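Here's the letter readout for the chains.
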Amino acid sequence: MALLELGLQNILQTSNTTLSRRLRRLRTTPALRAMVRETELNARDFIYPLFVRHGSGRNEIRSMPGIFQLSVEEAVYEAQSAFNLGIPALMLFGIPAAKDSIGLENFSNQGIVQQAIRAIKQAIPEMIVMTDVCMCEYTDHGHCGVINTGNHPNLPQEYVLNDETLDILGKVAISHAEAGADVVAPSGMIDGMVSGIRSALDSTGFEHLPILSYSVKYASAFYGPFRDAAESPPQFGDRKTHQMDPANVREALRETALDITEGADMLMVKPALPYLDVLYRVRQAHPELPLVAYNVSGEYSMIKAAAANGWIDERKATLEALIGIKRAGADMIITYHAMDAARWLSQ
Ligand code: PBG
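What counts, and where the lines are drawn
Residues numbered from 1 in each chain as written. Predicted model: local features only at pLDDT ≥ 70, side-chain atom pairs only at ≥ 80, totals over all residues. Heavy atoms only, no water. Helix = DSSP H or I, 4+ residues; strand = E, 2+ residues; numbered from the N terminus. Buried < 20%, exposed > 50% of the residue type's maximum accessible area, 1.4 Å probe, protein only. Contact = heavy atoms within 4.5 Å. Areas by Shrake-Rupley, 256 points an atom, 1.4 Å probe, with all protein chains shown as cover. Lys, Arg positive; Asp, Glu negative; His and termini not counted. Charge placed at Lys NZ, Arg CZ, Asp CG, Glu CD. Near = heavy atom within 4 Å. Polar contact = N/O pair within 3.5 Å; in protein donor to acceptor, adjacent residues only side chain to side chain. Nonpolar A, V, L, I, M, F, W, Y, C, P; charged D, E, K, R; others polar. Disulfide = S-S within 2.5 Å. Expected span 1.5 Å × (residues − 1).

**Let's talk about the overall build of the chain**
- Per the secondary structure count, the chain includes 12 helices and 12 strands.
- Each principal axis of the C-alpha atoms in the chain carries an extent, and together these give about 85 × 45 × 40 Å.
- For the chain, the proportion of its 347 residues judged to be buried stands at 52%.
- Put simply, of all contacts in the chain between residues at least 6 apart along the chain, 73% involve residues at least 24 apart.
- For the chain, the accessible surface area stands at approximately 16600 Å², while carbon and sulfur atoms represent 54% of it.
- The centroid of the 31 positive side-chain charges in the chain is displaced by 11 Å from the centroid of its 40 negative side-chain charges.

**Overview of unusual backbone geometry**
- A cis amide bond links lysine 270 with the next residue in sequence, proline 271, at an omega value of -10°.
- Summarising the element assignment, proline 271 is placed in the loop between strand S10 (266–270) and helix H9 (276–285).
- A positive phi angle, close to 55°, is found at methionine 189, a residue other than glycine.
- One can find methionine 189 in the loop between strand S8 (183–186) and helix H6 (193–202).

**Points about the site of the ligand**
- For the ligand, the set of nearby residues contains 18 residues, the closest of which are Lys217, Arg227, Lys270, Ser297 and Tyr336.
- Aspartate 132 places a side-chain nitrogen or oxygen 3.0 Å from a nitrogen atom of the ligand.
- About the coverage of the ligand: the protein hides 100% of its 410 Å² of free accessible area.
- For the shell around the ligand, the residue count by class is nine nonpolar, three polar and six charged.

**Considerations on the state of the cysteines**
- Counted according to the given criterion, the structure contains zero disulfides.
- With no disulfide partner, cysteine 134 has as its closest neighbouring cysteine sulfur the one in cysteine 144, 3.7 Å distant.
- Distance from the sulfur of cysteine 136, which forms no disulfide, to the nearest cysteine sulfur (cysteine 134) is 3.9 Å.
- On the basis of relative accessible area, cysteine 136 is assigned to the buried category, the value being 7%.

**Digging into helix H5 (residues 163–179)**
- Taking 1.5 Å per residue, 17 residues should reach 24 Å; H5 reaches 25 Å between its end C-alpha atoms and fits that length.
- Judged by how many residues are buried, H5 sits mostly within the fold: 12 of 17 residues are covered.
- Among the residues making up H5, those that are buried are Thr165, Leu166, Ile168, Leu169, Gly170, Val172, Ala173, Ile174, Ser175, His176, Ala177 and Ala179.
- Against the buried residues of H5 lie helix H4 (112–123), strand S5 (128–133), strand S6 (146–147), strand S7 (160–161), S8 and H6.
- Phi for glycine 180, located one or two positions after H5, is positive at around 115°.

**Section: H4**
- With 12 residues, H4 should reach 16 Å at 1.5 Å per residue; the first-to-last C-alpha distance of 17 Å fits that figure.
- Structurally, H4 contributes buried residues whose contacts are with strand S1 (46–53), helix H3 (72–84), strand S4 (89–95), S5 and H5.

Pasting the structure below:
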């Protein structure tokens, strides 16, 4: 006790030091903190991913609490709720009725995504409907391209073929455009996907349709829950021959520079939280283009799981993660937290 008193006395004696720089002055009240806040999070920053499937109703994805596979009718309902909360855009993913080696439903005008685009645009014309352009949800092998079954002896068996895949991606983009999509977003990390889709769109009267390229997409373990949601796990091998190595960042600048020359209108970095340095570097390298970050399924599920266990405050952790992504340089965030975050921000 005597020791503690002595210590306190010591501290009080030294406490009249004059400090000219006190950063705490501007943190004193909520009003002062709000006034000097550098980054702001808004519902209009969010792009909300939706999974659409055939049939009726909705079923929750086991590894993504609060996220559902939706029928077209339910997708329209969800889109309306998002729009009412101020969320301006959606990213659509489809679960087809049947899968095959090249994913025929992906470019059918009766495909599930095509139906959902038409229904959403009809109900909410102002909602920006973006579509993921990739093959993995539609192929029976679960890969993002045409597979080498031996016709390319110089390439490994089961290799995801590049140029054969480009033809199909062009067809998919046209089909989404015809259904009324506002933006197409190729996500397969196939070389030339932006220029291939650009020329496919230009030759069919869709010169005006923007491309959001998944420019920098890593071969990430954080896509695990998405593959449950989209029923798209690779049936053999992995995606490392096209998606990027998590160890690389200079390569990200090469990818983005190339996408710009190919005609990308917006760039993306994916995932978000483990790659904030990449986001920052891309922002610095290309300040002139809109930059999107994809806060992926595994990032979402980690917060959900910790919150469900009572280990973390879901609301605070979510908003902190999202503002971190914006602070690092993202203009927009594709996030499964969009609805919750928009609700919290409006309170
Ligand atoms: C490919 C695609 C994937 C994701 C978005 N588009 C899966 C993959 O590359 O394996 C993952 C998104 C997420 O994890 O939330 N169509």
